[in-house]
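Close look at the chain arrangement
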Amino acid sequence: MTTSAANPVRVRYAPSPTGDFHVGGARTALFNYLFARHTGGKFILRIEDTDQKRYNPQALGWLLGGLRYLGLDWDEGPEVGGDYGPYVQTQRLDIYQRYSQQLLESGAAYRCFCTSERIEQASKELQKQGHNPGYDRHCRSLDPEEATRRAAAGEPHTVRFKMPLEGEITVRDLIRGDITFQHSILQDTVLMKSDGIPTYHLANVIDDHLMEITHILRGDEWVNSLPLHAHLYAAFGWQPPVMAHLPLILNPTGKGKMSKREDRAPDGRILPVFVRTFHETGYLPEAMINYLALVGWSFDDRTEIMSREELIERFTLERVNASPAVWNYEKLDHLNGCYIRSLSVEDLTRRLVPYAVKAGFDVTYEKMLPVTPLIRERITTLVDVAHAADFFFLAELPPYNPAELIPQKADAALALTVLEKAHSRLAETEFTHEALEAALRGEAEALKIKTGQMFQPVRVAVCGRKAAPPLFETLQVLGRTTCLARIEKAIGKLKNI
Ligand code: GLU
C-alpha cells in the first residue's frame, strides 16, 4: 500500500490484555509510534481481547499506565476515541460475524462440527500415519447447505479457513524480505469459535483493513501467521498492509528469547522485564525510549544518546535490523545514569521525591532540593535514592560497623581524638562549606595528621559509611544538631569497641 499526504501512514499497536506489559511489547509500540510521528501519520492503539480464557483484568491498566509513562501517546484508541472505533475487539463482535458469514458464502471458509475429542483423536491418527498433527479437515467436505441447516438448528460449530492443499505462497516482509510457505504444512485454522467470538487471525485482519492500517510493525513471533493472513486478505479482496516483523529480543547472554519472567541478578538486584517494574525501579522514560529504540534499530554505528525528538526525526524502517537484538541491562543503566545527570536539579528533585517517600523518608521537594546535587553522581536509577540519601532523611542512621570510623594506618584512639576535636569545632563553626572546611583542615594540621585521616571518622560518623557524597556539603545539609548528635553516638561506639 502506498502512502502519501492524501493517504497518510496509519499504524497500530495491538496488544492482547493477557498479562503484564513486557518491554518486548513496549519496543513494538515504540517503533510504531516513532514511524507514525516520523511520517506525520497516526498511531492507533487497539485492544485484542478475544481470547477470553487468557484475559487478565489488570492487564489493560498495566498497559495504558506503561504507555503513558513512556510517553507513547496514541492518536486513536481507548480513552481517546477516534473515527474507526470501537478500538476494543470484544465491542466489535457483530462486525466479525458479518465477515465470517461472507467467507462462508464465498466458500473461503467452512463450518466445522467436530468435537474437541474428535479433533484430538484425529490429530493422533495423523501422527501415527507419519503426518503433522492437526485437524484432519473432516468437515471440509460437508455439503455447505447441509452445514448451514445444522448450524441453523443450533448445532455448535466453529468456522475454519479453507487453506489450499498444495503449492506455496510467498509473502513480502519489509525487514525479512520474501518468505515462502508450503501450503502442505499449513492448517485449516479456526477463524470463529463456537461461542461466536473470532480468533486473533480473523479479528486482526478485519480490523487492520477497516481501520485502514497501512503498515503492520509487530514482533517476529507473528511471522508464521503471514500465509493465513495473506490468504484472508485475498479472500476478502482486500489489499494487505505493508508487513514488517521486528527482530527477536534475546536474553543478555545472547542465548534464547528474552525472559517473560523477572529474575534476580547474582547481586540480588531485580532484572526487570515488565514496563511497570522499570518504572518502579526508577528508569527515566527518556532513557527507556532511547534504549528501546536501539533494540533492533540504529541511526548509524556510533550514536547512542538520542532524545525523543531526534529519534522521531531519524527513525526509518530501512534501518531496522533483521537479526535478533540482545538485551543489555548495562547499556540501559549507562543511559539512565546519563539522563539522570543531564536533568536540572529541580527536575531531578521532582522525580526523586516519590521514590524517597516510598523509601519511608520524611521528605518534601524543599528538603530534597539541596540533597539532589550531592547524590546525582551516585545513582543509576531513581530508586537508588533509598540507599544514597538515607542518612539525610532517617532520624537514626542504619547500623554500621564502628571499625569503619578508624582511618587507615591509625587506631581507635586517634579516631576518638579526631571525633572529639571535630565535635568541639563543629559546635561553634558556622555551617558553611568554607567555614567547615577551614575548621576541619585546621584541626588536621594541629593534630599533624593527613586530612583523609581527619575526614574519614567524621564522614562515617555522620553518614554511617565511607562511600558518601562530598563531606562539607553533606555536613552543611545535615545541619549542626544532627552532626553533633551523630558524632556523639560515634564517640560512644568507639569507646565500647
Ligand atoms: N494481539 C497480538 C499480540 O498480542 C497482535 C499481533 C499483531 O500485531 O498482529 O501481540
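Here is a short report on the structure shown in this document. Keep in mind that this is a model prediction, so the values were computed, not measured.

Here we come to the site of the ligand. As a matter of local geometry, the ligand sits amid Arg-12, Ala-14, Pro-15, Ser-16, Glu-48, Tyr-200, Asn-204, Arg-218 and Trp-222. In this structure, Glu-48 approaches the ligand through a side-chain N or O atom, which is 2.6 Å from a nitrogen atom. Measuring from an oxygen atom of the ligand, one finds a side-chain N or O atom of Arg-218 at 2.8 Å. The fraction of the free accessible surface of the ligand (290 Å²) that becomes covered by protein chains is 85%.

Attention shifts here to the pattern of salt bridges. The full count for this structure, using the stated rule, is 34 salt bridges. Arg-68 is the salt-bridge partner of Glu-79, the closest N and O atoms lying 2.7 Å from each other. Of this pair, Glu-79 sits in the loop between helix 2 (59-70) and helix 3 (93-106) while Arg-68 sits in helix 2, and the two are 11 residues apart along the sequence. Look at Glu-79 and you get exposed, because its relative accessible area is 60%. With its nearest N and O atoms 2.7 Å apart, the salt bridge here joins Arg-351 to Glu-286.

In this structure, the largest pocket spans a volume of roughly 1200 Å³. If you trace the largest pocket, you find 44 residues lining it, with Ser-16, Gly-25, Glu-221, Trp-222 and Lys-260 closest to the centre. Mapped by element, the contributors of at least two residues to the lining of the largest pocket are strand 1 (10-13), helix 1 (23-39), helix 2, helix 6 (200-210) and strand 8 (215-219). No other element matches the five residues that helix 1 contributes to the lining of the largest pocket. For the lining of the largest pocket, the residue count by class is 19 nonpolar, 13 polar and 12 charged.

By size, the foremost hydrophobic cluster in this structure holds 56 residues, and its most contacted members are Met-368, Ile-375, Phe-392, Leu-419, Leu-440 and Leu-475. For this core, the element with the most residues is helix 19 (residues 451-463), which contributes seven residues. If we skip the residues at most four places from it in the chain, Leu-440 touches Ala-422, Leu-426, Met-454, Phe-455, Val-458, Leu-471, Phe-472 and Leu-475. Counting 54 residues, the second-largest nonpolar core is a separate cluster that includes Ala-26, Leu-30, Ala-36 and Leu-70.

The next thing to look at is unusual backbone geometry. In this model, Gly-85 is joined to Pro-86 through a cis peptide bond whose omega is -5°. In this structure, Glu-79 takes a positive phi of about 75° despite not being glycine. Even without a glycine there, the phi angle at Lys-448 is positive, about 55°. Following the sequence through the fold, Lys-448 ends up in the loop between helix 18 (433-447) and helix 19. Using a relative accessible area of 74% as the deciding quantity, one classes Lys-448 as exposed.

The next subject is the pairing of strand 2 (residues 42-45). Pairing geometry for strand 1 and strand 2, over four bridges, is parallel. Following the sheet pairing, Arg-10 is matched in strand 2 by Lys-42. With helix 1 bridging strand 1 and its parallel neighbour strand 2, the resulting β-α-β unit is right-handed.

One open sheet holds the three strands; their spatial order is 3-4-7, and the pairing between them is antiparallel. The open sheet has two edge strands, strand 3 (109-112) and strand 7 (190-192), and neither has a second partner. Put simply, the sheet's adjacent strands are angled 45° from each other on average, direction ignored. Judged from the four bridges that link them, strand 3 and strand 4 (residues 158-161) form a sheet pairing that is antiparallel. Note that in strand 4 the partner of Cys-112 across the bridge is Thr-158.

Cut-offs and rules
Residues numbered from 1 in each chain as written. Predicted model: local features only at pLDDT ≥ 70, side-chain atom pairs only at ≥ 80, totals over all residues. Heavy atoms only, no water. Near = heavy atom within 4 Å. Polar contact = N/O pair within 3.5 Å; in protein donor to acceptor, adjacent residues only side chain to side chain. Areas by Shrake-Rupley, 256 points an atom, 1.4 Å probe, with all protein chains shown as cover. Salt bridge = Lys/Arg side-chain N within 4 Å of Asp/Glu carboxyl O. Helix = DSSP H or I, 4+ residues; strand = E, 2+ residues; numbered from the N terminus. Buried < 20%, exposed > 50% of the residue type's maximum accessible area, 1.4 Å probe, protein only. 1 Å grid on protein atoms, 1.4 Å probe; cavity = no way out; pocket = protein on both sides within 12 Å on 5 of 7 lines; lining within 4 Å. Points joined across faces, edges and corners; volume = space filled by probe spheres on them. Nonpolar A, V, L, I, M, F, W, Y, C, P; charged D, E, K, R; others polar. Core = buried A, V, L, I, M, F, W, Y, C linked by side-chain atoms within 4.5 Å. Contact = heavy atoms within 4.5 Å. Pairing = 2+ DSSP bridges. Right-handed = clockwise from strand over helix to strand, strands pointing away. Axes fitted to C-alpha atoms, helices over the stretch in contact; angles between N-to-C directions.

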